[in-house]
Amino acid sequence: MKVVFLLPLILAICAANSIARKNKDEPEKDWWQTTIFYQIYPRSFADSNGDGIGDLNGITSKLEYIKELGVGAIWMSPMFQSPMYDFGYDISDFYAVHDEYGTMEDFEALIKRADELDIKVVLDLVPNHTSNESMWFQEALKGHEKYYNYFVWEDGIIDENGNRQPPNNWLSHFRGSAWEYREEVGKYYLHQFVVGQPDLNYRNPDVVEEMKEIIRFWLNKGVAGYRVDAVNALFEVDKEKFGGKYPDEPPSGKVNVDPGSYDTLQHIYTKEQNETYYMVYDWRDVLDEFKAKDGMSRVMMTEVYAAIENVVKYFGEGDRQGAQMPFNFDLINDVDSTSSAADIKRAVEQFLTYKPVDKDANWVVGNHDNSRMATRFGPPLVDGINMITLLLPGIGVTYMGEELGMVDGYISWEETVDPAGCNTNDPINYVAYSRDPERTPFQWNAEKNAGFSTANKTWLPVADGYETLNVEAENAADRSHLKLYKALADIRQNKVFRYGRYESLALNLDVFAFRRWHKNDAYVVVVNVKGNDHIVDLEYFENVDGKVQVELTSVDSPKNKGDKFDAAALPVAPYEALVLKVK
Ligand code: NOJ
C-alpha cells in the first residue's frame, strides 16, 4: 500500500534527477550567453542623410546585414546629445538623442526594427563624467547648489611666485592636469578625461540616484542593457581620510613613458576604489528590477583596463551580482603580431583561470579605442583571430569591420580630430595616441566613400584598400573573411561550442591549437600565428587520433572543406587557420 502511495514521489524524484543530469550536460543558457555582441560606432557605420556622419537611421537600414552575420545583439557607442569633444563620451543631455544622429523617434524606430529581427540593443552608459555644456554643469557654475554638488571641486594651491596651481598632480587620460579652474566658482573641477568632461561626484547620493534614473529611462525604451564606460574611474579616494585634501598620486616608475602622459603616475587614488564595485552591483539590481517584470535578462558589460584580479571583481561578490561581462581585454593588451603560440595560449587562459567558475568568459579583440585587430595582428591572421574569439568557450564580441578584416586608416595630422591625438600637439608622434585610425567609415562597397555616405567629405576619411575590402566584394567572393565569419557564427551554435569543454596547446613556437568537445563530438581549431610552414601532431590532444576532417579554413588556406588528414601529421601553411572535425 505504502509503495503505491510512494510511487508518484519516486517517479517525480527520478524525473527531476534525469532533468538535473541533462541540464548539467546542456544547461539552459540565457540569450546573452550564446550570442555575439557587435559593437557599432554610430558616427562611422552608415550615413542616411548625406552629411558625412553616421546616424541612427543608417544603423536601422543595416540591421538586416547584422542579422545575416549571425549576430544577436548590438552595442552602440554613445548616441546621446553631446558637443562631441570626445565624440559622444561627453554627454550634455543623457535623456536625449544627439541631433546629428537623429531624433527620439528614429531611436524608437531602430529599437522596433531590431526587435522584429530579434536583435537586442545595448547602449553605452557613461557614468563617470558629463559634458561641461550639460545643464548640470552650467547650473553648477551659476552656483545652483544641487548641481554644484554633482561635480568634484577643489581649491587651487598658490605657489611661491603667487601663481595659482592645480590642487595636486592628478593627470587626465588625455594629458596634462586633471583639474581645470573656473573663475565663476573660484575652484578647480576634476576631469579625468578631456577638459569638457567634468567628473561626476559619486559620493553625492543625488548623482547616484540620477544615474539610476538614466539607466531606467532607456531600459523603459526597450534596450537590453549597457556597456559601462570607464567604470573604474567612478570614485576618487575619500579626501576626508587625508585631512580634506586629495593626495598626490605616486610616480608609476615605468620606464619609456612619455613625460606628460597619464602613464607616468600610479593611479591609486583615482581608480579602482572599493566603492566602485558596490556601485556596479547596485546597477545590476536596477537591471534585475526589469527582469523581474518581464523575465528578460538585461546585460551589463564593464569597460575596465586593469589587473585581472580587479577585472573579475565586477562579476559580483558573495550573493551580490555584478556585470555579466566584465570585458576581457587580454587579447588586446597582451598579444599582437609579435606573439608566439605560447603567448596566445597564456593570454587566452588568463581570463579562463581568473573568472569565477560559474561565470562566462568573453572575448574582445578590438574596439573604437584600440588599433584594429587586422592591423595589430596583421591581415593574414584575421581569420585565425576570428576563429579564436568566436569558438573559445564564452561570449563573442566583434567591433564593426572585424568580420571584413578592416584595417586602421591613415589620418594626417591636419585631419586628426580625436582629442587623444590632438592634445599631443605633436604632428609627428600623435599617431601613437590618436584613435581616429580605428574609427574610419565602415566599408560597404567599392563606390564613393565606400558606400558609407554620399557626402563630399566624411567626418574621417575612408581607409585605403576599401575598393576590395568591403561587404559587397566579400559577399561576392568564393572565400572571404566575411563568409568565414558567418560560418563561424553558425558553427558556434553547435553543442560542442555551446556546451563543450576546452583544452589548448602550443604545438610549437607558431601553432596554437585548442580542442572543444561535448559527449562524443569534438573539434580542433588550429591557428598558425607566423609565416612558417609546419607539420603538427594533433595526437598530443587526448582522444584525437586517426583522421581529422577540414570543416572551415582561413581565406588563403590551400585546404578545402571535407579534406582529410592524419591527425599525427597535419601540414599547416603560413598563417593558416583551420576548424577540424575530429573523427
Ligand atoms: C572609454 C571610451 O571607450 C573612450 O572612447 C572615451 O574617450 C573614454 N572612456 C572617456 O569616456
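Further up the page is the structure itself.
These lines cover the structure that appears in this document, whether it is placed above or below. Throughout, a residue's number is its position along its own chain's written sequence, starting from 1. Since the coordinates come from a predicted model, pLDDT governs what is reported: local features require at least 70, and pairs of side-chain atoms require 80 or more to be given and counted, while whole-chain, interface and lining totals use all residues. Excluded from the side-chain calculation are hydrogens and water; included are all heavy atoms of the structure.

**As for the environment of Val-208**
A run of H or I in DSSP becomes a helix once it reaches four residues, and a run of E becomes a strand once it reaches two; helices and strands are each numbered from the N terminus. Here Val-208 is to be found in helix α8 (residues 205–220). Note: C-alpha distance between Val-208 and Trp-283 (75 residues apart in sequence) is 9.7 Å. If near-sequence neighbours (up to four positions away) are discounted, Val-208 is found in contact with Tyr-202 and Met-279. The contact rule is simple, with two residues in contact once any of their heavy atoms fall within 4.5 Å.

**Considerations on the pairing of strand β25 (residues 577–582)**
If a strand is regular, its side chains alternate between the two faces of the sheet. Where burial is concerned, most of β25 is hidden: six out of the six residues are buried. Only protein chains enter the area calculation, which uses a 1.4 Å probe; residues under 20% of their type maximum are buried, those over 50% are exposed, and those in between are partly exposed. Here β25 shows two buried faces, one formed by Ala-577, Val-579 and Lys-581 and the other by Leu-578, Leu-580 and Val-582. By definition, two strands form a pair when at least two bridges between them are found by DSSP. Bridging between strand β22 (residues 547–553) and β25 involves five bridges; their strand directions are antiparallel. Residue Gln-549 lies in a different strand from β25, and its bridge partner there is Lys-581.

**Some details on the sheet that holds strand β9 (residues 179–182)**
Reading across the sheet, the three strands line up as β6-β10-β9 and stay open at both edges, with antiparallel pairing between neighbours. Two strands close off the open sheet at either side, each with one partner strand: β6 (153–154) and β9. The pairing of β6 with strand β10 (residues 187–190) spans two bridges and is classified as antiparallel. In the sheet register, Glu-154 faces β10, and the bridge partner there is Tyr-188.

**What about the packing of aromatic side chains?**
Here is the rule: rings of Phe, Tyr and Trp (six-membered ring for Trp) pair when centre to centre is within 6.5 Å. Planes less than 30 degrees apart are stacked, more than 60 are edge-to-face, and the remainder are tilted. As enumerated under the stated definition, the model contains 39 aromatic pairs in all. The interplanar angle of 70 degrees and the centroid separation of 5.0 Å between the aromatic rings of Tyr-147 and Tyr-150 together place this pair among those described as edge-to-face. A relative accessible area of 1% means that Tyr-150 is categorised as buried. Through a chain of ring-to-ring contacts, three or more aromatic side chains come together here, namely Tyr-38, Phe-45, Tyr-65, Phe-442 and Trp-444. Placement of a charge over a ring requires the Lys NZ or Arg CZ to be within 6 Å of the ring centre, with the centre-to-atom vector within 35 degrees of the ring normal. In this structure, Lys-62 is placed above the aromatic ring of Trp-444, and the distance from its NZ or CZ to the ring centre is 4.1 Å.

**Focus on the pattern of salt bridges**
When a carboxyl oxygen of Asp or Glu lies within 4 Å of a side-chain nitrogen of Lys or Arg, that pair is called a salt bridge. Throughout the structure, instances matching the rule amount to 34 salt bridges. Between Asp-258 and Arg-175 there is a salt bridge whose closest N-O contact spans 3.1 Å. Residue Asp-258 is found in the loop between β11 (225–228) and α9 (275–294), and its partner Arg-175 is found in the loop between β8 (164–165) and β9; the two are separated by 83 residues along the sequence. The class for Asp-258 is partly exposed, based on a relative accessible area of 26%. Assessed through its relative accessible area of 22%, Arg-175 is described here as partly exposed. With a closest N to O distance of 2.8 Å, Asp-418 and Arg-435 form a salt bridge. Note that Asp-418 is positioned in the loop between β17 (395–399) and α15 (419–422) and Arg-435 in the loop between α15 and α16 (471–476), a separation of 17 residues in sequence. In this structure, Asp-418 and Arg-435 share a single accessibility class: buried. Salt bridges sharing partners connect three or more residues here, namely Asp-86, Asp-369, Asp-418, Arg-435 and Arg-439.

**Observations regarding the nonpolar core**
For this analysis, a nonpolar core means a set of buried residues of the types Ala, Val, Leu, Ile, Met, Phe, Trp, Tyr and Cys, connected via side-chain atoms within 4.5 Å. Counting residues in each nonpolar core, the largest one holds 142 residues, and the members touching the most others are Phe-37, Tyr-38, Ile-74, Met-76, Phe-107, Trp-218 and Trp-283. Examining the composition of this core, we find that eight residues originate from one element, α9, more than from any other. Note that domain bounds follow an automatic or database assignment of domains. Both domains that meet at this core, namely domain 1 (129–199 + 237–271) and domain 2 (498–582), each give it at least three residues. The residues contacting Phe-107, other than those within four sequence positions of it, are Leu-56, Met-76, Met-79, Val-97, Leu-123, Trp-218, Lys-221 and Val-223.

Honestly, that's just the spatial picture; any functional story needs more than this.
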